[in-house]
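# Examination of the molecular architecture
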Amino acid sequence: MIPLELVQKIRFFSFLNPDQQKSIAEISEEKQVEAGAMIYKEKERADWLYFLVSGNVDRLFTIEVEFHPEQHKEIVYGEVIPGEMFGIYALIEPRIHSSGARAAKHCELIKIDAVRLLELFEKDDQLAYDFMKQASKTIEKRLNMTLEQLASVWTYPQDNVVPFNKERE
Amino acid sequence: MISLENLRRYPFFGELTHAQLISIASISSVETYPAGTTLFQKDQPANTLYFLETGSVDLFYPLLVKADQNDLGEIALNEVNPGDPFGIGSIIEPYIYPATARTAKSSQVIKIEAIPLRALFEADKRLAYLFTRLATKTAVELLDAARVQLAAAIA
């Protein structure tokens with residue numbers, strides 16, 4: 001369980017009433033992550049939904065070339081800033097992360113037990129809808145940003161530098 | 001209005017009650033479009049949610065326009081397969097389509113009017129949750145497809 005004040009600090013949760021805040025606090029944990037540490041990896045089971053309280057998180061995916069492990073690449077395609085949600089696959093079947101998340105600097109996180117959150121959704125339709133509505137808006141925003149990055153790379157390949165496209169060997 | 005059988009063919013609608021199905025059927029229609037029909041364009045107000053019954057629909061993202069070049073074409077993002085929803089911008093704020101949809105071959109779709117659908121959401125939060133969860137899942141899949149394209153473009 002986390003302090004109620006921590007739930008109230010996250011903008012994403014602004015729609016929660018006091019009872020819902022308490023329910024969310026009860027199924028959440030605080031976590032500190034050192035800079036450079038992986039929070040979750042691509043293709044791992046998604047058991048927790050995360051919210052960033054402080055610090056920065058890079059979202060990344062890897063490119064593997066068969067028989068050429070030396071050509072392994074990590075592409076950082078986005079970042080999470082304080083107040084934002086990440087790890088949405090915890091709420092979406094088959095509940096496997098499609099990309100990884102790594103602390104870009106020391107981070108303070110809230111992680112919510114996804115199974116217990118889904119159980120809350122079964123009991124409280126208003127919570128379920130409001131929560132998913134907020135999540136959908138976050139994903140839509142990220143989708144639009146990614147599409148803009150993609151269009152920029154296609155349109156101006158000579159520049160090949162767009163926000164959040166930090167390619168690392 | 002369409003028949004309930006039209007909706008029951010889709011696993012998603014299996015989660016809805018009989019009363020919810022009747023409400024959805026009453027604001028739905030079935031239409032067939034020839035290949036090459038643009039169903040909606042990026043940045044248009046999103047007033048219709050679609051389910052593909054038969055055929056194939058492609059989602060595109062138009063490229064930026066350079067000063068010296070008016071038409072740079074578009075990026076093929078994803079293919080919608082029969083049974084899949086599309087046009088999910090119609091139930092995610094700010095209710096704008098993020099991409100363009102065009103039929104790749106002759107296609108039959110279920111069209112759900114999104115404005116009355118969103119009004120139903122106000123009265124029935126369970127219905128609202130189920131549709132919004134579906135939209136979020138579809139948006140995440142589209143986001144993954146865009147990431148793959150991005151990786152290919154910059155790799």
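Residues numbered from 1 in each chain as written. Chains lettered and ligands numbered in written order. Predicted model: local features only at pLDDT ≥ 70, side-chain atom pairs only at ≥ 80, totals over all residues. Heavy atoms only, no water.

Quick look at the packing of helix α4 (residues 125-155) of chain A against helix α4 (residues 125-154) of chain B now. As a packed pair, α4 of chain A and α4 of chain B sit with axes 8 Å apart at the nearest point and diverge in direction by 20 degrees. Put simply, α4 of chain A runs roughly parallel to α4 of chain B. Regarding α4 of chain A and α4 of chain B, the two cross each other, and that crossing is left-handed. (Axes fitted to C-alpha atoms, helices over the stretch in contact; angles between N-to-C directions. Helix = DSSP H or I, 4+ residues; strand = E, 2+ residues; numbered from the N terminus. Parallel < 35°, antiparallel > 145°, perpendicular 65-115°, else oblique. Left-handed = near helix turned anticlockwise from the far one by under 90°.)

In this chain, Glu93 of chain A is followed by Pro94 of chain A through a cis amide linkage whose omega measures 5 degrees. Position of Pro94 of chain A relative to the elements: it lies in the loop between β6 (85-86) and β7 (100-103). For the peptide bond that leads from Glu93 of chain B to Pro94 of chain B, omega is 15 degrees, which places it in the cis range. If you trace the backbone, Pro94 of chain B turns up in the loop between β6 (85-86) and β7 (100-103). A positive phi angle, close to 75 degrees, is found at Asp43 of chain B, a residue other than glycine. Mapped onto the secondary structure, Asp43 of chain B falls in the loop between β2 (38-40) and β3 (48-54).

Low-confidence regions, as indicated by low pLDDT, have predicted coordinates that should not be scrutinised in detail. Looking at chain A as a whole, the pLDDT averages 88, with 92% of positions reaching at least 70. Mean pLDDT values for the elements of chain A range from 41 in strand β9 (residues 166-168) of chain A up to 97 in strand β1 (residues 28-33) of chain A. (pLDDT = per-residue confidence, 0-100.)

To summarise the sheet geometry, strands pair through backbone hydrogen bonds and adopt either a parallel or an antiparallel arrangement. Residues and elements named next belong to chain B. Read across the open sheet, the four strands follow the order β1-β8-β3-β6; overall the sheet is antiparallel. Strands at the two margins of the open sheet, each flanked by one partner only, are β1 (28-33) and β6. Note: β3 against strand β8 (residues 107-113), six bridges, orientation antiparallel. Following the sheet pairing, Thr54 is matched in β8 by Gln108. (Pairing = 2+ DSSP bridges.)

With that out of the way, let us pick up the pattern of salt bridges. As enumerated under the stated definition, the model contains 16 salt bridges over all chains in all. A salt bridge links Asp47 of chain A to Arg45 of chain A; the nearest nitrogen and oxygen atoms lie 3.1 Å apart. Since its relative accessible area comes to 30%, Asp47 of chain A is described here as partly exposed. When the shortest N-O distance is used, the salt bridge between Glu141 of chain B and Lys137 of chain B registers 2.9 Å. Highlighted residues: Glu141 of chain B and Lys137 of chain B, both in helix α4, separated by four residues, approximately one helical turn. Classification of Glu141 of chain B by relative accessible area gives partly exposed; the value is 37%. Residue Lys137 of chain B is classed as partly exposed on the basis of its relative accessible area, which comes to 30%. Salt bridges linked by common partners bring Arg45, Asp47 and Arg95 of chain A together as one network. (Salt bridge = Lys/Arg side-chain N within 4 Å of Asp/Glu carboxyl O. Buried < 20%, exposed > 50% of the residue type's maximum accessible area, 1.4 Å probe, protein only.)

Here we come to the packing of aromatic side chains. Residue and element names in this part refer to chain A. Summed over the entire model, instances satisfying the criterion amount to 27 aromatic pairs over all chains. Considering the side-chain rings of Phe61 and Tyr77, the 5.4 Å spacing of their centres and the 35 degrees angle between planes classify their relative orientation as tilted. In this pair, Phe61 is assigned in strand β4 (residues 57-63) and Tyr77 in strand β5 (residues 73-80), connecting sequence segments 16 residues apart. The class of Phe61 is buried, set by a relative accessible area of 7%. (Phe/Tyr/Trp six-rings, centres within 6.5 Å; stacked < 30°, edge-to-face > 60°.)

In this section: the interface of chain B and chain A. Quoted interface sizes are often the accessible area lost when the parts come together. Taken together, the contacts link 36 residues of chain B with 42 residues of chain A. Summed over both partners, the interface of chain B with chain A comes to about 3,800 Å²; 72% of that surface belongs to carbon and sulfur atoms. Scanning the region where chain B abuts chain A turns up four salt bridges. One salt bridge connects Glu122 of chain A with Arg126 of chain B, and the closest N-O pair in it is separated by 3.3 Å. (Contact = heavy atoms within 4.5 Å. Buried area = accessible area lost by both parts, 1.4 Å probe.)

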